Amino acid sequence: MAVKLAKLAEEMEFELVQGSLDAEVTDLAYDSRRITEGMLFVAIDGTVVDGHKFIPDVIQRGASVLVVEKEIEIPDDTITVLRVKNGRAALSQMSQAYFDHPARKMVSIGITGTKGKSTTTYMVRDIIEKAGKTCGIVGTIGIYIKGSITPTEHTTPESYDLQKAFADMVEAGCEYMVMEVSSQGIKMDRVAGMHFDYGVFTNLSPDHIGPNEHKDFEEYLHCKSMLFQMCDVGIVNTDDPHWREIVKGATCEIKSFGTGKADMTATEIEHINDNGDLSMKFHADGLLEGDVIVGLPGRFNIYNGMCAACTGALLGMPQEVVLHALEHVQVRGRVENVPTGRGFSVLIDFAHNGVSTESVLQTLREYEPNRIIAIFGCGGNRSRLRRYEMGEAVGKLAELAVVTSDNPRTEDVMDIIEDIKVGLAKTEGEYIVIPDRQEAVNYAIDHAENGDMVILLGKGHEEYQEINGVKHHYSEREAVANALAREN
């Protein structure tokens, strides 16, 4: 698909260093290895690699247009060169134009926050689809288009891949798009130049702070807040202590949900345990009126449910559709119940930091289990603070911790476990170390008793374990099935 450079650059600032805006571009890329004849190459001076050093290679491969951040001498005057201040932002804007601004052809909903993004995204999707409309998703669980899920490397994919996904949604007939907008996605300009119909804020707590992510909490908060300068309507959780900071620079209309004064409020909150089927119930006033059942356990799912209900109401979805969708919602790897046919429960959750671990375990405590058995590890090459906090949270709130592997990446599993034990040592919690995750699941299932809740933390929807740079197939669901079959 050839597109004139003038069209790709029409909404961005640039300097034409040489060549013509009439140049035809067959495709664009930021990875020099993808360049073929007639393509545009965006040279990004990244934190690890400077893309400008690959310019001789991309010229040899046949690139017709170069987009650069630096002054570079180009020996071939037949090549068009644009200079920009920010290559990542330029890539996002040009990708949007290359795919003919696909997000503008759908009702777009961007969701940001520390916790609840994936669950809320799927709740909103369910509401839209129960209303007979079609909706695509981009997020942690992957790219969802009409029942098909494609895994993604990042919660918010690189801008070219993101815009291609939107184009695929439009081609598939999607009328709505809902996506998780991560703070990293905003920081790395993966959504630069985009505008959403609705921006949604779930909550905020310290996370993703470290050498490879955000330098401090202030930067993390600022990146989240940028969404509300990129949308028409902002929907925020006014029970979160940071909500005023989040909307401080907002340029959009603000709507709210919470248990206090808000456009939609929740009262009369109840925990429901129907023969091991855990859910929540609340009474809604404002944008939605009446009793609401959320088919997932935990007080945090009251907030996710309120958030989705508020969004559904503002989208103009019928109330009966919103209520039905929330009651029957299921989200992979988010307090996901795995039927066992035994006298104990098994749940899978993506919690992978102290705050989310404490939240999900407190949730299970509210259902008064006989015991909680928590299987967990921590990811390698991430903040060590996360390990101490997870260890302490599990030690405080579970009767038994089974400490194991998660995604060790390039770290030694036992080094990570030693850090986790620092947190566990602050508590009186009982624990056992079993580095092999399948063996850890086997042990927990073998030792589960009537009324126990076994929870597998950290992996959630993921279908792999990353060890020394290699992703090995691993599924929590399969691990549980293996353990149950083995016991028989």
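Before going into details, it helps to say that this report is about the structure given with it. (Residues numbered from 1 in each chain as written. Predicted model: local features only at pLDDT ≥ 70, side-chain atom pairs only at ≥ 80, totals over all residues. Heavy atoms only, no water.)

**Considerations on unusual backbone geometry**
Although it is not a glycine, Asp189 adopts a positive phi angle of roughly 60°. You can see Asp189 is positioned in the loop between α6 (183-187) and β13 (196-201). A residue is classified by how much of its surface remains accessible, and Asp189, at 18% relative accessible area, is buried. For Glu368, which is not glycine, the phi dihedral falls at a positive 55°. When its relative accessible area of 70% is taken as the criterion, Glu368 is described as exposed. (Helix = DSSP H or I, 4+ residues; strand = E, 2+ residues; numbered from the N terminus. Buried < 20%, exposed > 50% of the residue type's maximum accessible area, 1.4 Å probe, protein only.)

**Notes on the nonpolar core**
One finds Ile109 and Ile455 to be the most contacted residues of the largest nonpolar core, which totals 66 residues. The residues touching Ile455, leaving out its near neighbours within four places in the chain, are Leu347, Asp349, Val360, Leu361, Leu364, Ile372, Ile373, Ala374 and Ile375. Counting 32 residues, the second largest nonpolar core, distinct from the first, contains Ala103, Val138, Leu221 and Phe228. (Core = buried A, V, L, I, M, F, W, Y, C linked by side-chain atoms within 4.5 Å. Contact = heavy atoms within 4.5 Å.)

**Quick look at helix α11 (residues 354-365)**
Look at α11: 16 Å from first C-alpha to last across 12 residues, which is about the 16 Å you get at 1.5 Å a residue. Among all positions of α11, only Gly354, Ser356, Thr357, Val360, Leu361, Thr363 and Leu364 are buried. Residues of α11 that are buried in the fold lie against α9 (299-314), β20 (345-349), β21 (372-376), α12 (384-397) and β24 (453-457). N-cap assignment for α11: the residue whose side-chain oxygen lies 3.2 Å from the backbone N of Val355 is Asn353. (Expected span 1.5 Å × (residues − 1). Polar contact = N/O pair within 3.5 Å; in protein donor to acceptor, adjacent residues only side chain to side chain.)

**Thoughts on the sheet that holds strand β12 (residues 176-180)**
Ordered in space as β11-β10-β9-β12-β8-β13-β14-β15-β16-β17-β18, the 11 strands form an open sheet in which the pairing is mixed. Strands with a single pairing partner mark the edges of an open sheet, and in this sheet they are β11 (148-150) and β18 (290-294). Each neighbouring strand pair of the sheet contributes to a mean axis angle of 20°, computed without reference to strand direction. Strands β8 (107-112), β9 (135-139), β10 (142-145), β11, β12 and β18 of the sheet are contacted by helix α4 (residues 117-130), whose axis makes an angle of about 170° with β12. (Pairing = 2+ DSSP bridges. Axes fitted to C-alpha atoms, helices over the stretch in contact; angles between N-to-C directions.)

**So, helix α10 (residues 319-327)**
Every buried residue of α10 is accounted for by Val321, Val322, Ala325 and Leu326. The arc enclosing the buried residues of α10, seen along the axis, measures out at 125°, which places them on a common side. Those residues of α10 hidden inside the fold are in contact with α4, β18 and α9. (Arc of directions from axis to C-beta.)

**Here we look at the side chain of Asp349**
Its place among the elements puts Asp349 in strand β20. Setting aside its immediate chain neighbours within four residues, Asp349 contacts Gly333, Arg334, Val335, Val360, Ile455, Leu456, Leu457, Gly458, Lys459 and Gly460.

**Points about the pattern of salt bridges**
Counted according to the given criterion, the structure contains 33 salt bridges. Notably, a salt bridge pairs Glu11 with Arg104, separated by 2.9 Å at the nearest N-O pair. A residue pair is termed long-range when its members are at least 10 positions apart, and Glu11 in the loop between α1 (5-8) and β2 (15-18) and Arg104 in the loop between α3 (87-98) and β8 qualify at 93 residues. As a salt-bridge pair, Lys396 and Glu358 come within 3.9 Å of each other at their nearest N and O atoms. Linking Lys396 in helix α12 with Glu358 in helix α11, this pair joins segments that are 38 residues apart in sequence. Its relative accessible area of 30% is what places Glu358 among the partly exposed residues. What emerges from the salt-bridge pattern is a single network uniting Arg332, Glu336, Glu463 and Arg477. (Salt bridge = Lys/Arg side-chain N within 4 Å of Asp/Glu carboxyl O.)

**Observations concerning the sheet that holds β20**
Here six strands make up an open sheet; going across it, the order is β19-β20-β24-β21-β22-β23 and the pairing mixed. Among the strands making up the open sheet, the edge pair consists of β19 (336-338) and β23 (430-433). For this sheet, the mean inter-axis angle between neighbouring strands, taken without regard to orientation, is 20°. Note that β19 and β20 share three bridges and pair antiparallel. Pairing of Asn337 across the sheet is with Leu347, part of β20.

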